[in-house]
Amino acid sequence: MSTADRRVLKSQEAIKNALIELMLEKNFDQITLQDISDRANVGRRTIYHHYMDKYDLLDKLMEEHINKLRETSEWACEKEWVDATQIFFEYFESNYLFFSTMLASKGAPSFRSKFLEFLIEAFKDETDITKGKNYGLNEDVIVKFAANAYVGVLESWLKDGMPSPTHVMAKELGILLERIV
């Protein structure tokens, strides 16, 4: 990787982190590009080089994490529920600032919707209503219930400052998901 590429990546990371930090302090609508520029210690022109505006920045940041979750889901969901949940909770923990900000922020309700949409699709792949515990139940109700429960538990865990280790969360939530989905 060339020095120029590293500088670009470093600038983009600083810009993304600046936005997340600012969202902890004020509503997204109140954040200006100048605020982001000042916090990231880059020129406004640098921001415009990578993003059309603050909305584009936010969309790309959210999409980056949803895509990472989607990629992880492709291989993690081949594991048992507890092990798969452990992998995801480690990701949430390592990206605590992003997830805690996005799920708590009044300025980015679209992230919660996109995250729920991702979970619903993921749980659909795991749900079988033709036999077993979910025989005859409505698949849509099952996956929406599981996805909303998952987000609720995650939000609470993040809001409370991650009081339980990831392996404890993974075990408990994995067992519950195994019973539901």
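An account of the accompanying structure is given in this report. (Residues numbered from 1 in each chain as written. Predicted model: local features only at pLDDT ≥ 70, side-chain atom pairs only at ≥ 80, totals over all residues. Heavy atoms only, no water.)

Turning our attention to helix α5 (residues 81-94). For α5, which comprises 14 residues, the first-to-last C-alpha distance of 20 Å matches the rise-based estimate of 20 Å (1.5 Å per residue) to within 8%. Here α5 has its buried residues at Trp81, Ala84, Thr85, Gln86, Ile87, Phe88, Phe89, Tyr91 and Phe92. The elements touched by buried residues of α5 are α4 (54-76), α6 (96-104), α7 (109-126), α8 (139-159) and α9 (166-180). (Helix = DSSP H or I, 4+ residues; strand = E, 2+ residues; numbered from the N terminus. Expected span 1.5 Å × (residues − 1). Buried < 20%, exposed > 50% of the residue type's maximum accessible area, 1.4 Å probe, protein only. Contact = heavy atoms within 4.5 Å.)

The next subject is the packing of aromatic side chains. For the structure on display, the rule yields 15 aromatic pairs. Aromatic side chains Phe92 and Phe99 sit 4.9 Å apart centroid to centroid with 75 degrees between the ring planes, which places their arrangement in the edge-to-face category. Considered together, Phe92 and Phe99 belong to a single accessibility category, that of buried residues. (Phe/Tyr/Trp six-rings, centres within 6.5 Å; stacked < 30°, edge-to-face > 60°.)

As a further point, take the packing of α8 against α9. One way to put it is that α8 packs onto α9 with a least axis distance of 11 Å and a crossing angle of 165 degrees. As summarised for this structure, α8 and α9 are arranged roughly antiparallel, according to the angle between their axes. Judged by the twist between their axes, the crossing of α8 over α9 is right-handed. For the pair α8 and α9, the contacting residues are Ile142, Phe145, Ala146, Tyr150, Val153 and Trp157 in the first and Thr166, Met169, Leu173, Leu177 and Ile180 in the second. Class assignment for the residues of the contact of α8 with α9 results in 10 nonpolar, one polar and no charged. (Axes fitted to C-alpha atoms, helices over the stretch in contact; angles between N-to-C directions. Parallel < 35°, antiparallel > 145°, perpendicular 65-115°, else oblique. Left-handed = near helix turned anticlockwise from the far one by under 90°. Nonpolar A, V, L, I, M, F, W, Y, C, P; charged D, E, K, R; others polar.)

To continue, consider empty space enclosed by the protein. Throughout the structure, instances matching the rule amount to one cavity of 30 Å³ or more. As a volume, the largest cavity reaches approximately 130 Å³. Contributing to the lining of the largest cavity are 15 residues, with Cys77, Trp81, Phe88, Phe123 and Tyr150 lying nearest its centre. Of all elements in the fold, only α5 and α7 reach the threshold of two or more residues within the lining of the largest cavity. Ranked by residue count, the leading element in the lining of the largest cavity is α7, at six residues. (1 Å grid on protein atoms, 1.4 Å probe; cavity = no way out; pocket = protein on both sides within 12 Å on 5 of 7 lines; lining within 4 Å. Points joined across faces, edges and corners; volume = space filled by probe spheres on them.)

Quick look at the nonpolar core now. Core analysis: the largest hydrophobic core is formed by 51 residues, its most contacted members being Leu19, Ile36, Phe92, Phe111, Phe115, Phe123 and Tyr150. Of all the elements in the fold, those that place two or more residues in this core are α1 (3-25), α2 (33-40), α4, α5, α6, α7, α8 and α9. When residues of this core are assigned to their parent elements, the largest contribution, eight residues, is made by α8. Those residues within four positions of Phe123 in sequence are excluded, and the remaining contacts are Trp81, Val143, Ala146, Ala147, Tyr150, Leu177 and Val181. (Core = buried A, V, L, I, M, F, W, Y, C linked by side-chain atoms within 4.5 Å.)

Looking now at α8. Compared with the 30 Å implied by 1.5 Å per residue over 21 residues, the 30 Å span of α8 between its first and last C-alpha is a close match. Along α8, the residues classified as buried are Ile142, Val143, Ala146, Ala147, Tyr150, Val151, Leu154, Trp157 and Leu158. For α8, the angular spread of buried residues about the axis comes to 150 degrees, placing them on one side. Every exposed residue of α8 that faces more than 90 degrees away from the buried side is listed here: Val141, Phe145 and Lys159. Of the surrounding elements, those touching the buried residues of α8 are α5, α6, α7 and α9. You can read the cap of α8 off the contacts: a side-chain oxygen lies 2.8 Å from the backbone nitrogen of Asp140, and it is on Asn138. (Arc of directions from axis to C-beta. Polar contact = N/O pair within 3.5 Å; in protein donor to acceptor, adjacent residues only side chain to side chain.)

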